[in-house]
Amino acid sequence: MATVMLEFDGRNKLALKALDFILSLGLFKVKKTTTGIDEAIEDIKKGRVYTAKNVDDMFQKILG
C-alpha cells in the first residue's frame with residue numbers, strides 16, 4: 001500500500017472542496033497524525049497522570 005502525504009492551504013475553498021470530494025469517494029483511508037499535545041490531553045482524559053503532594057514526593061516518584 002502506498003502512502004500519500006498531502007499539504008494544502010486550509011483557507012483555500014477550492015482545495016477543501018476538492019479534498020472533500022476525493023475523500024467522499026471512499027477510495028482512501030485518512031490517518032490523522034497525533035502530536036505530543038494530543039497524546040498529553042488523551043492521558044489526562046484517561047486519568048494516566050500522577051499528582052505529586054510536594055517536591056520531595058515528585059523526586060521520590062521519579063528517582064524511585
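Here the structure is shown first, and the text comes after it.
Residues numbered from 1 in each chain as written. Predicted model: local features only at pLDDT ≥ 70, side-chain atom pairs only at ≥ 80, totals over all residues. Heavy atoms only, no water.

J.: What am I meant to see in the packing of aromatic side chains here?
T.: The geometry of an aromatic ring pair is captured by two quantities: the separation of the ring centres and the angle between the planes. Applying the stated criterion across every chain, the model contains zero aromatic pairs. When the ring centre of Tyr50 is taken as reference, the NZ or CZ atom of Lys61 above it lies at 5.0 Å. (Phe/Tyr/Trp six-rings, centres within 6.5 Å; stacked < 30°, edge-to-face > 60°. Lys NZ or Arg CZ within 6 Å of the ring centre and 35° of its normal.)

J.: What is the right way to look at helix 1 (residues 13–24) in this model?
T.: Helical periodicity: at 3.6 residues per turn, an α-helix aligns residues three or four positions apart in one direction. Taking 1.5 Å as the rise per residue, helix 1 with twelve residues should run 16 Å; its terminal C-alpha atoms sit 16 Å apart, in good agreement. Counted residue by residue, helix 1 has one buried out of twelve residues, so it is predominantly exposed. Structurally, the start of helix 1 carries an N-cap: the backbone nitrogen of Leu14 is 3.0 Å from a side-chain oxygen of Asn12. Looking one or two residues past helix 1, Gly26 carries a phi angle of roughly 75°, positive in sign. (Helix = DSSP H or I, 4+ residues; strand = E, 2+ residues; numbered from the N terminus. Expected span 1.5 Å × (residues − 1). Buried < 20%, exposed > 50% of the residue type's maximum accessible area, 1.4 Å probe, protein only. Polar contact = N/O pair within 3.5 Å; in protein donor to acceptor, adjacent residues only side chain to side chain.)

What is shown is where atoms sit, not what they do.
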